[in-house]
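Results of the structural survey
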Amino acid sequence: MNPVVELEDQISTTDDNDEIIHPDSSSSQECDSGVIDKLHDFTNSGMMPVEEGNMEFQTVKQMFLPGLGPYANNTDVVAVHKAQKSASSTLKARWDSFRIFSDAVAKNRGGNDNIRFAWYGGSKDEIRRIVSHGFSFKPASSVIYAGGITLFSSMRSLYGMESAKFDEDGVRHMLLCRVILGNSEIVLPGSNQYYPSSDKFDSGVDSLTDPSRYIIWTPFVNSHVFPHYVVSFKASSFMAPSRNPQTFSFKQGPCRTTAPVMRLPASPWISFPDLLAKISKYLNPTKIALVSKHYGEFRANKISRVQLIRVLRQVIGDRLLIGIIKAHKEKVGMRT
C-alpha cells in the first residue's frame, strides 16, 4: 500500500473525541514560540497548536511533504494547528453536522461514506475565515469548477500551492480537511454543473481510478467538508510557467506561485494559436471549444496562467502535450 494512504488511514483512526490515537501522543517538544505567537489568528479562531514532538504533528507532516515531490526537501513545516471542537459552539455544531451528513451518506451508499483527507490552500486570512465561519461560495481556487470548491487529495499537496499565499512573515498555510465523498462522478474542467448529475452521486472527481481533485458542490461545502488541521510552512522554490501572456512554456526557478510538476522538455515558446492548430488534429470539437473557452478567460484575467495550464493538461493530456512541444522544438531547431 502507498505509504501516504497508510498514513491517511492511520490518521482517520479516532476515538469518540476525534483524537488521533498514538501510544506516545503525550510526548512534548514545543514548536518555536515565536511562530506560534505570530499565528495567534488561528488559535483565536478555535485551533490549538500541535506540539512538534507529538506523533500527531509528525503524521500530518508526513502526509504533507510527500505530496510536494522534489520540493519536499526545500520545505519546512513550522507549525500545525488542529480544530478544537469544544472551543466554540459554532465549531462544535459544524463538526456535529459533518458527522450527521456522514451517517446520511453512508446510509445511502451501502455503509460507505468514503471520507478522505484533502488539501485546500489559501491566504492566512482566508484560512482563518474558513475555520471561523466556513467556506464562502466563490473561493479563488474553484474557478475551473465553478459549481463548488476544489480540494486536492492527500497525495497531491503540491496542487494546492497556487492558492497558498505568503503572509507577512513569508509563511504559507494550507488546510487539511476531512471530506465526505460518498459516490463520486467524473467532472470535466469548465463544467457548468452545480449539483450531482443524479441521486446516485455525491461529489465530483477528475479521475475515478486515481483522483487528484475533489469537487464538493456549493450546497454541501459546509456540511461535507470539515477543516481539521492548518499546516503552516516555508518553501524556497517551485516550478513556474512562462510570464509571456501569448505563449506557453515550463521553466524551473524560484517563484511565488506553484504549478504541478510536469516533466516537459526544455523548449522554445509556442504560441496559443499554434498549440490550438496542432491539438485540433487529435481532439474532438468539444474539447477544442473547452480549451478555447478557458484561453479566453485567461486573456480576460478571469483565471490565472497556472489554472489555464491545469486545464490544458487535463483536457489534452500530458503525453500529447509533451509530444507537441517536442515536435515544435525540433521544427524550430531545423529553422535555426
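Use the structure listed above.
First, a word on what this report is: a plain description of the structure on this page. The structure presented is a predicted model; accordingly, all values stated were derived computationally and were not measured. (Residues numbered from 1 in each chain as written. Predicted model: local features only at pLDDT ≥ 70, side-chain atom pairs only at ≥ 80, totals over all residues. Heavy atoms only, no water.)

Looking at the packing of helix H5 (residues 89–108) against helix H6 (residues 124–133)
In the contact formed by H5 and H6, the axes pass within 8 Å of each other and the chain directions differ by 75°. In terms of axis orientation, H5 runs roughly perpendicular to H6. The residues of H6 that touch H5, namely those facing Thr 90, Leu 91 and Arg 94, are Ile 130, Val 131, Ser 132 and His 133. Residues belonging to the contact of H5 with H6 are distributed by class as follows: three nonpolar, three polar and one charged. (Axes fitted to C-alpha atoms, helices over the stretch in contact; angles between N-to-C directions. Helix = DSSP H or I, 4+ residues; strand = E, 2+ residues; numbered from the N terminus. Parallel < 35°, antiparallel > 145°, perpendicular 65-115°, else oblique. Contact = heavy atoms within 4.5 Å. Nonpolar A, V, L, I, M, F, W, Y, C, P; charged D, E, K, R; others polar.)

A look at unusual backbone geometry
Here Asn 114, not a glycine, exhibits a phi torsion of approximately 55°, which is positive. Structurally, the position occupied by Asn 114 is in the loop between H5 and strand E3 (115–122). Judged by relative accessible area, Asn 114 falls into the partly exposed class, the value being 23%. (Buried < 20%, exposed > 50% of the residue type's maximum accessible area, 1.4 Å probe, protein only.)

Re the packing of aromatic side chains
Evaluation of the coordinates by the stated rule reveals seven aromatic pairs. Measuring from ring centre to ring centre gives 4.9 Å for Phe 64 and Phe 233, while their planes differ by 50°; the resulting arrangement is tilted. One end of the pair, Phe 64, is in helix H4 (residues 55–64); the other, Phe 233, is in strand E9 (residues 225–235), with 169 residues separating them in the sequence. Neither residue differs from the other here; Phe 64 and Phe 233 are each classed as buried. Centroid distance Phe 98 to Phe 226: 6.3 Å. Interplanar angle 50°. Geometry classified as tilted. Residue Phe 98 is found in helix H5, and its partner Phe 226 is found in strand E9; the two are separated by 128 residues along the sequence. Relative accessible area serves as the criterion here: at 2%, Phe 98 is assigned to the buried category. In this structure Phe 226 comes out as buried when scored by relative accessible area, which is 1%. (Phe/Tyr/Trp six-rings, centres within 6.5 Å; stacked < 30°, edge-to-face > 60°.)

What about helix H8 (residues 285–299)?
An ideal rise of 1.5 Å per residue puts 21 Å on 15 residues; H8 measures up with 21 Å between its terminal C-alpha atoms. Buried within H8 are the following residues: Ile 288, Leu 290, Val 291, His 294, Tyr 295, Glu 297 and Phe 298. Backbone geometry just after H8 places Asn 301 at a positive phi near 60°. (Expected span 1.5 Å × (residues − 1).)

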